[in-house]
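Structural overview for review
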Amino acid sequence: VIVVGDELLEGRVADLNLSAVAHALGNRGLAVSGARIVADRRGDIAAAVDALLAPGSLVVTTGGLGPTDDDMTLQAVAGALGTGIVRNAEAARMVESWYAGRGLPCPPGSLVQADLPEGARPVPNPAGVAPGVVIEARGGIVICLPGVPREVEALIGPCLDSIGAEVHAGLPYSLLRTWGIPEQRLYDTIVEESLADVRWLAFLPRPMSVDIKIGGSDRAQVAARLAARLGSSVYSIDSWKPIEACTGEALLGRGLTISCAESCTGGLLGARITSVPGSSGWFSGGVVAYSDELKKNLLGVPAGLLESRGAVSSETACAMAEGVRRLTSSCMSVAVTGIAGPGGGTDEKPVGTVWIAVAGPGPVEARHWRFGNARAAVREAAVTCALGAVLGAVG
Ligand code: ATP
Ligand code: MG
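To keep things clear, this report deals only with the structure shown in the data block. (Residues numbered from 1 in each chain as written. Chains lettered and ligands numbered in written order. Predicted model: local features only at pLDDT ≥ 70, side-chain atom pairs only at ≥ 80, totals over all residues. Heavy atoms only, no water.)

**Here we look at the nonpolar core**
Generally speaking, a soluble globular protein has its nonpolar side chains buried in company with each other. In this structure, Leu 269, Val 334, Val 354 and Phe 371 are the most contacted members of the largest nonpolar core, which totals 36 residues. Look past the residues within four positions of Val 354 in its chain and what remains in contact with it is Cys 264, Val 336, Thr 337, Gly 338, Arg 367, His 368, Trp 369, Phe 371, Val 378 and Ala 382. Listed in part, the 31 residues of the second largest apolar core include Leu 65, Val 77, Ala 91 and Ala 120. (Core = buried A, V, L, I, M, F, W, Y, C linked by side-chain atoms within 4.5 Å. Buried < 20%, exposed > 50% of the residue type's maximum accessible area, 1.4 Å probe, protein only. Contact = heavy atoms within 4.5 Å.)

**Notes on the sheet that holds strand β9 (residues 174-179)**
Strand-to-strand pairing in sheets goes through backbone hydrogen bonds, with the strands running parallel or antiparallel. Taken in spatial order, the four strands line up as β10-β11-β9-β12 in an open sheet, and their pairing is antiparallel. Of all the strands in the sheet, just β10 (201-206) and β12 (234-237) have a single pairing partner and so form its edges. With strand direction ignored, the average angle separating the axes of adjacent strands in the sheet is 20°. The pairing of β9 with strand β11 (residues 209-214) spans six bridges and is classified as antiparallel. Residue pairing in the sheet places Ser 174 in a bridge with Ile 214 of β11. This element, helix α8 (residues 219-230), spans β9, β11 and β12 of the sheet and lies at about 15° to β9. (Pairing = 2+ DSSP bridges. Helix = DSSP H or I, 4+ residues; strand = E, 2+ residues; numbered from the N terminus. Axes fitted to C-alpha atoms, helices over the stretch in contact; angles between N-to-C directions.)

**So, the environment of Val 129**
For Val 129, the location among the structural elements is in the loop between β6 (121-123) and β7 (132-137). Sequence separation between Val 129 and Ala 91 is 38 residues, and the spatial gap between their C-alpha atoms is 9.9 Å. When near neighbours in sequence (up to four residues on either side) are disregarded, Val 129 contacts Val 95, Trp 98, Tyr 99, Ser 110, Gln 113 and Glu 151.

**Section: the coordination of the magnesium ion (ligand 2)**
Taken together, the protein ligands of the magnesium ion (ligand 2) are Asp 71 (OD) and Asp 71 (OD), with distances of 2.2 to 2.8 Å. For Asp 71, the position within the fold is in the loop between β3 (58-62) and α4 (73-81). (Donors = N, O, S within 2.8 Å, 3.2 Å for Na, K, Ca; no water.)

**Looking at the site of ligand 1**
In the vicinity of ligand 1 there are 18 residues, among which Asp 15, Leu 16, Gly 66, Asp 71 and Gly 147 approach most closely. Asp 15 is positioned such that a nitrogen or oxygen atom in its side chain is 2.6 Å from a nitrogen atom of ligand 1. One nitrogen or oxygen atom from the main chain of Gly 147 is found 2.9 Å from an oxygen atom belonging to ligand 1. Calculation on ligand 1 without its partners gives an accessible area of 610 Å², and the protein chains cover 74% of this total. Along the lines of polarity and charge, the residues of the shell around ligand 1 split into ten nonpolar, five polar and three charged. (Near = heavy atom within 4 Å. Polar contact = N/O pair within 3.5 Å; in protein donor to acceptor, adjacent residues only side chain to side chain. Areas by Shrake-Rupley, 256 points an atom, 1.4 Å probe, with all protein chains shown as cover. Nonpolar A, V, L, I, M, F, W, Y, C, P; charged D, E, K, R; others polar.)

**A few points about the sheet that holds β7**
Taken in spatial order, the six strands of this open sheet run β2-β1-β3-β8-β7-β6, and their pairing is mixed. Since the sheet does not close on itself, it has two edges, and those belong to β2 (36-38) and β6, each with one partner. Across the sheet, the mean angle separating the axes of adjacent strands is 20° when strand polarity is ignored. With five bridges connecting them, β7 and strand β8 (residues 140-145) associate as antiparallel partners. Among the inter-strand pairings, Glu 136 is bridged to a residue of β8, identified as Ile 141.

**What to know about unusual backbone geometry**
The step from Gly 341 to Pro 342 runs through a cis peptide bond, and the omega angle for that step is 5°. Position of Pro 342 among the secondary structure elements: in the loop between β15 (332-338) and β16 (353-359). For the bond running from Gly 360 to Pro 361, omega is -15°, close enough to zero to count as cis. Here Pro 361 is to be found in the loop between β16 and β17 (365-370). For Arg 138, which is not a glycine, the phi torsion comes out positive at approximately 55°. With respect to the helices and strands, Arg 138 occurs in the loop between β7 and β8. Although it is not a glycine, Asp 238 sits at a positive phi angle of roughly 60°. Within the fold, Asp 238 resides in the loop between β12 and α9 (243-254).

**A few points about helix α3 (residues 42-52)**
Taken together, the buried positions of α3 are Ile 45, Ala 46, Ala 48 and Val 49. Viewed end-on, α3 has its buried residues packed into an arc of 160°, placing them on one side of the element. Residues of α3 that are buried in the fold lie against β1 (2-4), β2, β3 and α4. (Arc of directions from axis to C-beta.)

**Observations concerning the pattern of salt bridges**
For the structure shown, the criterion picks out twelve salt bridges. For Arg 12, the salt bridge identified is with Glu 10, shortest N-O distance 2.8 Å. Overall, the relative accessible area of 51% leaves Glu 10 in the exposed class. Put simply, Arg 309 and Glu 315 hold a salt bridge, and the shortest N to O gap is 3.1 Å. (Salt bridge = Lys/Arg side-chain N within 4 Å of Asp/Glu carboxyl O.)

**Here's the deal with the side chain of Lys 349**
Locating Lys 349 in the fold gives a position in the loop between β15 and β16. Buried charged residue Lys 349 carries no salt bridge. Nearest counter-charge: Glu 348, at 5.2 Å. Side-chain polar atoms of Lys 349 contact the backbone oxygen of Arg 309, separated by 2.8 Å. Residues in contact with Lys 349, not counting those within four places in the same chain, are Arg 309, Gly 310, Val 312, Ser 313, Ile 339 and Gly 344. (Lys, Arg positive; Asp, Glu negative; His and termini not counted.)

**Notes on the environment of Asp 115**
In this structure, Asp 115 sits in strand β5 (residues 115-117). For the pair Asp 115 and Leu 74, spaced 41 residues apart in the sequence, the C-alpha separation amounts to 8.2 Å. Side-chain polar atoms of Asp 115 contact the side chain of Arg 87, separated by 2.5 Å.

Take a look at the structure:
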């Protein structure tokens, strides 16, 4: 994979395209053997293509398919392959139809996006103007994609389809997605199991969420054994579906709705929930109650309780959950209150202390967590554990 863009090398933009391309390739059983990030320089792009394209190989480039002078990927590829550039009639129709579909005249300058290396095949872009480009050369294949990540995601599948790379049912590895157990403890828990026969095992940690990839011919049995050992800490098996989607499916399956009351996560939990398409079917809404005033006035947390136990306490978390459940008439609710830091910690309640309460269908219950001291990680961990707690309560 060759990712093209000055902005990536300058550190202004974090690369999203390699992961999108690698993911699509992985779904087709194709492994990425390496990736390079190169500047918007014709010579650099050409050198990378020249170095990587070999018989039987597939090279995917992203970036630099636009109509401006800094977009030169196709000229570079043509240079590396020793072919010329010609206006491709089919690509020109794709560019024109993109504008026609929006009731706009096609600006003449836009048609340079139909100037392709000789013998190249255009693939319609569902998300933008520039077509994807497929070139067979030197016994290998080059696929050129635009730079905008949304367009890469939309185009990589159709381009791979067009070269006959079929989607495999299932992943080429077993996958357990876990929540609520830190990586080290998870590892210690798991190595107690006999894993000598596992060819490879990879741990992909996020705050309070670790994905375990298992390879080898007996991976399914190993995964089943670990899943049994880890119980409700596993939220997804053999699927990359995020925890918010798994929690939503569980709620929907039981016909339950949920609401949330957030303090230290400041709306992140509601944002993650509503990132799931169709979440209106199970999410009634949320309250960001950052101040004590709002916890009292909106959620009905008793003033005496805030004074005696503090805003970060089991009792406040439970009262927040019950308050938002009353407010929204949802079947269940979840509340998060904690100290994200860097300030605000005490000996008794250090930074990273978080209480998460779930109300309904059973009685309200809160759990105490300690999430380290990095603000962003504390907040992400709190969201994950809130979603996991709901999943656990739904069963
Ligand atoms: P355009 O027609 O918009 O110029 P393009 O195919 O020429 O598209 P680029 O010019 O390389 O693509 O990039 C367009 C936009 O996409 C830029 O804002 C750039 O920051 C972003 N982008 C490009 N490559 C990546 C990447 N690998 N990861 C994330 N964003 C990227
Ligand atoms: Mg561009």
